[in-house]
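# Observations on the three-dimensional arrangement
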Amino acid sequence: MHSPLLLIVGMHRSGTSLLGSLLPACGIAMPGPLIPGDTHNPEGYFERADVTALQEQLLIDLERWWPAPRGMQPLPVSWLESPLGQTALAELVALLQPEAERQGGPWAIKDPRSSLLLPLWITACQQLGIPLKLLLAVRDPAEVMVSLVRRDQAATGMDGWRAQRLWWHHNAQVLRQGRDLPLQVVSYSHWFEQRSALAQLKQLAPTISPEQRPQALQAIKPQHRRSRRQPLPARLAPPVLELYQHLERLALRPSQRSATEQWLDQQPPLSPLAPLPRRRSELKRSIQIRRGCAPSNQVATHPWGYLAEITCGSQGPVAEHQLAFWLEHGFRDFELSQWATLAGACPAAIAWPAQGNAVILQVRGGDLNAWPTHAWLQHCPIQGAASIRSAPLGTVVTSGIALNLADLSPGPACAAELLAMAALERVWDPNAERVRLLRQFGVNASWLQPAVVGNGALRASLADWATCSATLGLAAPDGLRRLGDTVCLGSGGEACDQGLQPPLLGVPGFDGLNIAGPEQARLQAFWLQGCLDAGLELVRFQPTPGEQALEGWKVLIQPEQAGRAPILLPGESIGAGELLEELAWYRQGCPPPDACRTPQPEHRVLLERSQGSCHTAVCISLYNYGARIDQALESVLNQEQASGLELIVVDDASTDDGAAVVQAWMAEHHSRFARCLLLQHTANGGLASARNTAFAAAESPWCFVLDADNQLDPLAVAHCGLLAEAADPSCAVIHSLIRVQPEAGYHDPRHLVSDLPWQQEIFKRGNYIDAMALVRREAWQAVGGYTHIPGGWEDFDFWCSLIDAGYHGTLCPQVLATYTSHNRSMRAAHTTSQERRLSRLLQARHPWLELPQARDHAVQPGRATRPLGIDAH
């Protein structure tokens, strides 16, 4: 048998937190992650965060959020047996079971929401064999009213009458639903009078010793009882005051419970209509009601009545006036923004059985002249219809269903649309937040999620394909499947468009199709879905804003098939060959890149001369640039501090005479340097290997990297070196501004390689710092040197590795080098044509990167991933 559980219930702001703070001193545990205090409850809430979250969400999902006007309506019939109730029950049992096994004595859980959900607790405790006792915290409803209005008026429109009704509802529910449970009423006011406080404490914990009682009462802080000193926002209703008096007596005389319950059974529910502030007005209303001429109360029945109560507090003349204003002028922007923050339910869409073979679905938002709107139709859970077509909202049709694809907007036009949707049987919407908002307006909205199998709305017949061919000039997909595997839509650039040969197919002018009306847009949706159904892959270049707003490519349905690429949406032009490589990679399931291995070829010394100490090394990697190396060498010779430099050239097994050119040059000029070293790899190892060989051979603490086709200005090493001398140990790179000099006949729009200093945040989108920079040799060694990246980007990877290790770079804000732009450079010849593969590789090696070409270019149809919304007007 488990130890008994004391469930602290009662109205919010009624002293439940004070009661929770007293129990531990009475030997009653309050386990669990408790919500900390704030300005409203400085000493803490003493509520379990997990229990509170569970019950709050359940009430919201049942559309009985406790502070809202609907919070006082009866819970839906059989709510505990519903999927929502059963899920909450299972979660509560999972929370209580381990806690019950840990407790060796009485323990308590506090949450005022339990007052409204007692059947949930009774069932859970019965399943677990936990004895359950109720502790009902009661406070003067006048004080509760003041506290609630002060705290919740801005967020929920709380007024004095709603606060009184909530107080009545919470306490009445405990008495009615907890009839068969042990009950102890604990009065908030009794804690502030010593004699009654001791008596109440003795009832609460009979075994507590006289020495422990003062310690327990120390939790009472009279200074926090601020509501007692505030003016009342409304008069207390006589039934509310009478129930409070019954409960106060019950706190000291538990034997009065039966009489209190009998009295409560005879009381009618409190009217949602707020009492008028003036007694004469209230008397006039009472007389009208007795004569059968009750005043108009449109708020009680209008779909927007709930929002009128939220805005004005309760039903009454003010709410009626507000409703009339909305009906004439529509809603204002600030009101829509405020209501969007209200807690609300978001039920999932469920099947709707069609009443006939043909169904017309009303659509709000989107564009019936655009295919994505028609693509959404196949996801609506309509059963048993042979034909599903669309029409604008407000069309006179027999089917009371609609699809909403637009956000709400201020003004009377949207208000009229909201009234039209409120009159429908069901409204589906793919935006969960918008579903919550629509339901505040009385619209029976539910969340439409893309389906794996459609409802047949885009299932074409032979006649449809004939019409498609005649109207749009597009062949039936089954015939296209015999010609190739992949259909490219829109222009992918010259290289791609001219490469549209098997297995590629394409409609480069897809955006120029003449879509003259909804029927042609529907045929376009038919054709796109038909391509996927036929097993074709789709590649869409430059999706239109309309396609993106409605996520059209994600709501097409692609049948599952092994070895098939998803829909690709390349962000930039791509060649046909690279596109085929991308498709192959996706067909293979997007395998991770192979591990990078940097070759370490052996090398021989072709020339070495030394004649003094050196402070900086200039490292040049050379591969088949014998015709260009002279200018790079001369730029090093012209350095202001050349006599203190070591010049290291590593020939990466060139097939031209580059090594001989360097050897002859060094033989002539070595005396101008502190050290000259020419090394040659016995086999080609790549750029990273050549740089690593140079760095490893250097004797200087800093190495200036120079490519064989670039040049340094005379002050490059000296000025970067001055900043290096003053740099902190975590600074690994000094980089300067670099001019771009295109060779004759080659176009490069840049005038500088980059104009930005070193920042990790900027690196996230791609490399912008050239390899020509001064690098701390110790940092190079700490990160394991340069890594061979097949296809290029060794420099970018090296910068990222330095960042990973906690290093950074600093800008020398002068133009100190020249980047020679030509068509034989590695960037032009290899890197730019492999950006997608290289981006994936670098992204995998450095996950903090956010490279555009590494992600978000593939769409798995049938999975919408972000909120949808377009302006309706």
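Residues numbered from 1 in each chain as written. Predicted model: local features only at pLDDT ≥ 70, side-chain atom pairs only at ≥ 80, totals over all residues. Heavy atoms only, no water.

### Topic: the side chain of D464
Along the chain, the position of D464 falls in helix α18 (residues 462-472). Although D464 is buried, it makes no salt bridge; R522 carries the closest opposite charge, 5.0 Å away. Once residues lying within four places of it in the same chain are set aside, the contact partners of D464 are R459, L523 and F526. (Helix = DSSP H or I, 4+ residues; strand = E, 2+ residues; numbered from the N terminus. Buried < 20%, exposed > 50% of the residue type's maximum accessible area, 1.4 Å probe, protein only. Lys, Arg positive; Asp, Glu negative; His and termini not counted. Salt bridge = Lys/Arg side-chain N within 4 Å of Asp/Glu carboxyl O. Contact = heavy atoms within 4.5 Å.)

### A few points about helix α27 (residues 687-697)
Side chains of residues three or four places apart in an α-helix project in the same direction, reflecting 3.6 residues per turn. The element α27 is extensively covered by neighbouring structure, given that 10 of its 11 residues are classed as buried. Within α27 the residues assigned to the buried category are L687, A688, S689, A690, R691, N692, T693, A694, F695 and A697.

### Topic: the sheet that holds strand β6 (residues 358-364)
On the basis of which strands lie adjacent, the open sheet formed by five strands has the order β8-β6-β9-β10-β11 and parallel pairing. Both outer strands of the open sheet, β8 (387-392) and β11 (445-447), are each paired with one neighbouring strand and no more. Across this sheet, the average inter-strand angle for adjacent strands is 30 degrees, counted without regard to direction. Taken together, the six bridges between β6 and β8 define a ladder with parallel strand orientation. Bridge pairing in β8 places V363 opposite P392. The strands that helix α17 (residues 432-440) touches are β9 (401-404), β10 (426-429) and β11; relative to β11, the one it contacts most, it runs at about 165 degrees. (Pairing = 2+ DSSP bridges. Axes fitted to C-alpha atoms, helices over the stretch in contact; angles between N-to-C directions.)

### Examining the side chain of N171
As for its placement among the helices and strands, N171 is situated in helix α6 (residues 160-177). The class for N171 is buried, based on a relative accessible area of 0%. At 2.8 Å, the side chain of N171 forms a polar contact with the backbone oxygen of W167. Setting aside its immediate chain neighbours within four residues, N171 contacts G10, M11, L136, A137, V138, L243 and L247. (Polar contact = N/O pair within 3.5 Å; in protein donor to acceptor, adjacent residues only side chain to side chain.)

### A closer look at the pattern of salt bridges
Side chains bearing opposite charge may pair, as long as their charged atoms lie close to each other. One pass over the structure, following the stated rule, counts 38 salt bridges. Of the charged contacts, one joins D111 and R113 as a salt bridge, the two residues approaching to 2.7 Å between their closest N and O atoms. One salt bridge in this structure joins R332 and E335, with 2.7 Å as the shortest N-O distance. A relative accessible area of 33% places R332 in the partly exposed class. Salt bridges sharing partners connect three or more residues here, namely E47, E56, K110, D111 and R113.

### Overview of the sheet that holds strand β4 (residues 183-187)
Strands pair in a sheet through their backbones, by hydrogen bonds, and they do so in one of two ways: parallel or antiparallel. Pairing within the open sheet is parallel, and its four strands lie in the order β2-β1-β3-β4. The open sheet has two edge strands with one neighbour each: β2 (107-110) and β4. Across the sheet, the axes of successive neighbouring strands diverge by a mean angle of 25 degrees, strand direction being ignored. Set on the sheet, helix α7 (residues 194-204) makes contact with β3 (132-138) and β4; between it and β4 the angle comes to about 155 degrees.

### Topic: the pairing of strand β14 (residues 537-540)
Here β14 shows a buried face lined by E537 and V539 and a second buried face lined by L538 and R540. Note that strand β12 (residues 486-489) and β14 share four bridges and pair parallel. Bridged to T486 within β14 is E537.

### Some details on empty space enclosed by the protein
Inspection of the entire model under this criterion finds six cavities of 30 Å³ or more. Quantified by volume, the largest cavity comes out at close to 90 Å³. If you go around the largest cavity, you meet 13 residues; those closest to its centre are E63, R70, Y306, A343 and G344. A breakdown of the residues in the lining of the largest cavity according to their chemical character gives six nonpolar, two polar and five charged. In this structure, the second largest cavity spans a volume of roughly 70 Å³. (1 Å grid on protein atoms, 1.4 Å probe; cavity = no way out; pocket = protein on both sides within 12 Å on 5 of 7 lines; lining within 4 Å. Points joined across faces, edges and corners; volume = space filled by probe spheres on them. Nonpolar A, V, L, I, M, F, W, Y, C, P; charged D, E, K, R; others polar.)

### Overview of the packing of aromatic side chains
With the rule as written, the count across this model stands at 21 aromatic pairs. With centroids separated by 5.2 Å and ring planes inclined at 45 degrees, the aromatic side chains of W326 and F331 adopt a geometry described as tilted. Just as W326 is buried, F331 falls in that class too. A network of ring pairs unites the aromatic residues F695, W758, F763, Y768, W780, Y786, W793, F796, F798 and W799 as a single cluster. Across the ring face of Y306, the terminal group of R70 is positioned such that the distance to the ring centre comes to 3.7 Å. Just above the ring of W585 sits the side chain of R840; from NZ or CZ to the centre is 3.5 Å. (Phe/Tyr/Trp six-rings, centres within 6.5 Å; stacked < 30°, edge-to-face > 60°. Lys NZ or Arg CZ within 6 Å of the ring centre and 35° of its normal.)

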